[in-house]
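Each chain is listed here by its residues.
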Amino acid sequence: MTGSSSKIWDTYSGSPIHSFPHNHIVRSVALSPTSSHLLTGGQEKKVRIFDLNRPDAEPDFLCDNGILSHDGMVKSVVWIGDHTGVTAGEDGKIKWWDLRTRNLTTTLTFPGPITSMEWSAPTQRLVVTSGSTVGFIPGLPSANDMHTLTLPYIPSSASIHPILQDRFVTGNSGDEWVRVHGMDGEEREVLKGHHGPVHCVEYSPDGEMYASGSAMSRHRRQGSSSNPPRSPSPPTLTYHHPTLLPIPTPALVESVAGAAHYSGVKLEQEPPLKHRRSSHDYGENHTQLKPSHQRILDDLQELYGCRPTQEIFERTWHPDAVFEDPLSLCRGYSEYAAQWYAMSKLFSASKTLLIRVMSSTHSPNRLVFSLSQEYTYRVLHRKKTIHSVVVVDLDEDEKIVKMVDQWNGKDLPRWHGAHFLRVANAKLVPWLSKLPHAIRYCVIRLYLNPCTYDARLRNDIQKVE
C-alpha cells in the first residue's frame, strides 16, 4: 500500500510490478491463496477485487446497499479459503462476502468502530478489536463459538499465538506498551521499548516472537518538556523474543509467556537448513502428536535415556544438524553424537519422570515438548533432575536439522564468553571420546569435582601414562 494506490512488488528485486490506483488512501490489502486476485479497502468505504491475471482490467466492487461496502472507512480486509472475503469497517460491522458471486452473506455488528482485524490461519479465527473489546471469531461465524474479552484499556491491535493458542498480544494507542494476555484476559506481561503509541502487533508464524510497530512522537517523553521539539522520527518496529518459564507442571506449561524484548532486525547467524512448509495445515490440532513425529520423540527418549545407537542417528538426524543446550553448541554429526555417547559414560542411569508434547506441527515442521529427566552420576552416585523444554526442527525428510534443549525452560546463556565456552565444549567432548578409557575416567572425575585432584587421582593418571 502506498497512499492512494496498492502495488504488487517483486520480492527479490524490490521493484514494483503493477500499481492499482484508488481515489483515496488504501488501508488494507489481501491476496487470495492462489495469488490470482487482490482485495483492497480504505478511506473510500469501498472494497475492490482485482484480477491479477488481468491487471489492467477494471476491478469489481463488493457493494452493500448501493455503491459502498461499509458506512465508514474500511479498516481491514482478509481472504479466507478460496472464496470468502471478510471486511471490517469503522461502522462497527464485520462482513462476510462470497467472492464468486460478489454477494454479502453474513454481517456481525460490534457496538463501536472496528480498529483492527487479523486472520489467524493456524487457529482458524479472526482476531478483532473494537473499543475495549477483543473478539475471537471463527472464520465461518457462529455465535456459540465466538469468544470476547473486555480489557481495561482500548487496544489498537491484537494477535493470538498461532501454536499454543492460549495467549494474545496487544498494542495500545493510548500508551507505549505492548501487553500479553491469557485467553481469560489476565495480564501476563507488559513490555516497553517504543516512544510512541503502538498501532500494530503480530506474532510470527511459528510463535517464537512477535513484532510491534509504532509512530514515534513528535516531542520528547514526559520529563523532558524543557527541551525543544524535535523533528518527527520515523516509525519503529520492535521484535519481542519470548522466553520460556520453568515447566515443572503441566499447568505451568500452559502459562509460558513472552518476556525479554529487543529492538532491531533479527539476524540469522547461518543459512538455515531447508524446512518443509505446507499450506494444508491450517486448523490442525497443534498439541496432538503427529504420526511422523512419534518416531522422532521415541528416538529422542532413547537418547535421553542414555541409550544412543548409530541407527538412531542415521534414521533421525541430519548429518549437518545443530544441537544446543546450556553447555554446548554442536554442529555436525561428530559433535552432537559425541554429546549423547558421553552421557552414557557420565551417568549410570537416566529415568524419564514426565514428558509432554507442547506442539507438533508440519508448517513449520517442528516438535516441541517438555521433559523431566532424572540422571544418576556414574562416579558420584548422586541424582540430578533437569526440567527441559526441547524444540526440534525437522526437514522435509523428517530428519532433525536443529534441536535446542532449554534447561528449566530458560534461554540459553548469553553472558560474555558463554558462546566460546559452549563451542569449546562441543569440540572437547569428541576429543575426550577418543582417549583411552582410564584417562577419560580421570578427566571426567576432575571435571565433575576439581577438588578431587589429589595424590590418588594423580597416581591413577601416572599409571595410565
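Just above, that's the structure.
Residues numbered from 1 in each chain as written. Predicted model: local features only at pLDDT ≥ 70, side-chain atom pairs only at ≥ 80, totals over all residues. Heavy atoms only, no water.

Caption draft 1: Layout of the side chain of H194. Considering the arrangement of structural elements, one finds H194 in the loop between β18 (187-192) and β19 (198-203). Judged by relative accessible area, which is 4%, H194 ranks as buried. Polar side-chain contacts of H194 include one of 2.7 Å to the side chain of S212. In terms of polar contacts, H194 uses its side chain to reach the side chain of S214, at 3.0 Å. (Helix = DSSP H or I, 4+ residues; strand = E, 2+ residues; numbered from the N terminus. Buried < 20%, exposed > 50% of the residue type's maximum accessible area, 1.4 Å probe, protein only. Polar contact = N/O pair within 3.5 Å; in protein donor to acceptor, adjacent residues only side chain to side chain.)

Caption draft 2: Spatial organisation of helix α4 (residues 333-346). The first and last C-alpha atoms of α4 sit 20 Å apart over 14 residues, in line with the 20 Å expected at 1.5 Å per residue. For α4, the full list of buried residues reads E335, Y336, A337, A338, Q339, W340, M343 and S344. (Expected span 1.5 Å × (residues − 1).)

Caption draft 3: Quick look at the nonpolar core. With 30 residues, the main nonpolar core has L300, W317, W340, F369, V392 and M403 as its most contacted residues. Of all the elements in the fold, those that place two or more residues in this core are α2 (291-304), α3 (310-316), β23 (317-325), α4, β25 (347-362), β26 (365-377), β27 (383-394) and β28 (400-407). Contact partners of W317, with chain neighbours within four places excluded, come to L300, L303, I312, F323, Y336, W340, K399, I400 and M403. Within the second largest apolar cluster, 14 residues are counted, among which are I80, W96, F110 and V128. (Core = buried A, V, L, I, M, F, W, Y, C linked by side-chain atoms within 4.5 Å. Contact = heavy atoms within 4.5 Å.)

Caption draft 4: Layout of unusual backbone geometry. A positive phi angle, close to 65°, is found at R102, a residue other than glycine. Its identity as a non-glycine residue notwithstanding, Q124 has a phi of 60°, on the positive side. Its location among the elements puts Q124 in the loop between β11 (114-120) and β12 (125-130).

Function cannot be read off these values alone, since they describe shape.
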